[in-house]
Amino acid sequence: MLISGLTTEVDAARAEADRRATDYEAAQSAFDGATLRATNLQNQADEASAAAVVSGEQAGRLAAMLARTGNSDLSLSLFVDGSSASDLLNQLGSMSKLTERMSLVYDSAAADRNSARSLTDQAQIAQQALGVLAETAQTALAEAMASSIRVETALADQQEVAGTLQAQLAVLTEDRAATEADYTAGEVIRRAAEAAAAKARAEQVAAAAAAATASRPAGGGSTPNGQGWTLPVSGWISSAYGARPNKPVAGVGAFHYGTDIAAGCGSNVYAASAGTVVYAGWLGSYGNWVLIDHGDGTQTGYAHNSSLLVSAGQQVSTGATIALVGTTGASSGCHVHFETRVNGARVNPQTFMSDRGVSLG
């Protein structure tokens, strides 16, 4: 009954963690979309303001031209100065065109000015909304992290209690001496198996690291460049940032907010630059996820890892090994889903890294 209760607790914690992860992904997507809209509105407002300046200058030049006539009544001048009916008709035609042109210029100037004001107001409102959305995303991330920790804690408690109960049951149902002998023998076998597995894993990781180093292009891998940045993993781009109408697996969005870099399972994943680990754990469709804050408004994320080698709060240097390549979460094969963020909004990793002297492929 006790183990059953603990199992239920673990299942509930996992369900809650998945829900929190989904909430976070939705909040982050909302923030990204709002950032794009705010940027577009500001660009439109800037263009409208520039157009308003041009049309205003045109209206000013027209007003200056009229002022140079001495502010006289043009229609009266036409009748007084006209020497013939033909001249009068010609001058009336000119006046009509001038009046029409003047009206168009002033209307255009007024429209451009109103458009600029409206777009500027909309851009300011959109920018103000970003703060709320950013806070919502950060809160959701913190809740997802807390849920992930609760899952790990509940699972550890379950395993500890289960182990204790199993040991007690063995003592009660078997001869004590035989049980102790069996336990000792089992411990020897278990420890030997663990040692062998650890050795094999170390050899696998070392081989993967050696292979990654051998295939790494000059200036890449774990070696930082002059700007303090490096490749997050050695591999090739299997899916770029942008619209993705044909979803590769269930549980992913139609827009791909990162760059997928295919690499061998178990290969090293490196910190693209120095910073602080703000998240290291399971996060829904991201699987095993690491998020690093670089302290200048930028962050990098690494998803689908088979295992994590860092923890939240840890300081890492450029090129430090932070995880091993895997296919956890919503993934169809071993790769790193690499994200880059500027002031919380996800941006194109290829452009972001290129600006910092690193080519992803």
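Notes on the structure in this doc start here. Source: prediction; values computed, not measured.

What counts as what
Residues numbered from 1 in each chain as written. Predicted model: local features only at pLDDT ≥ 70, side-chain atom pairs only at ≥ 80, totals over all residues. Heavy atoms only, no water. Phe/Tyr/Trp six-rings, centres within 6.5 Å; stacked < 30°, edge-to-face > 60°. Buried < 20%, exposed > 50% of the residue type's maximum accessible area, 1.4 Å probe, protein only. Helix = DSSP H or I, 4+ residues; strand = E, 2+ residues; numbered from the N terminus. Lys NZ or Arg CZ within 6 Å of the ring centre and 35° of its normal. Pairing = 2+ DSSP bridges.

**A short note on the packing of aromatic side chains**
- Across all of its chains, the model carries five aromatic pairs by this definition.
- Pairing phenylalanine 255 with tyrosine 257 gives two aromatic rings, centres 4.8 Å apart and planes at 50°, and the pair type is tilted.
- For phenylalanine 255, a relative accessible area of 33% translates into the label partly exposed.
- Centroid distance tyrosine 302 to phenylalanine 338: 5.5 Å. Interplanar angle 50°. Geometry classified as tilted. With tyrosine 302 in strand 8 (residues 298-305) and phenylalanine 338 in strand 12 (residues 335-342), the pair connects residues that are 36 residues apart, well separated along the chain. Each of the two residues, tyrosine 302 as well as phenylalanine 338, counts as buried.
- The ring of phenylalanine 352 carries the charged tip of arginine 356 above its face, separated from the ring centre by 3.6 Å.

**What about the sheet that holds strand 9 (residues 307-308)?**
- Spatial strand order, 5-11-9: three strands in an open sheet with antiparallel pairing. Looking along the sheet, the strands with just one partner apiece sit at the ends: strand 5 (268-270) and strand 9.
- Direction of pairing for strand 9 relative to strand 11 (residues 321-324): antiparallel, over a ladder of two bridges. Within strand 11, the residue paired with leucine 308 across the bridge is alanine 323.

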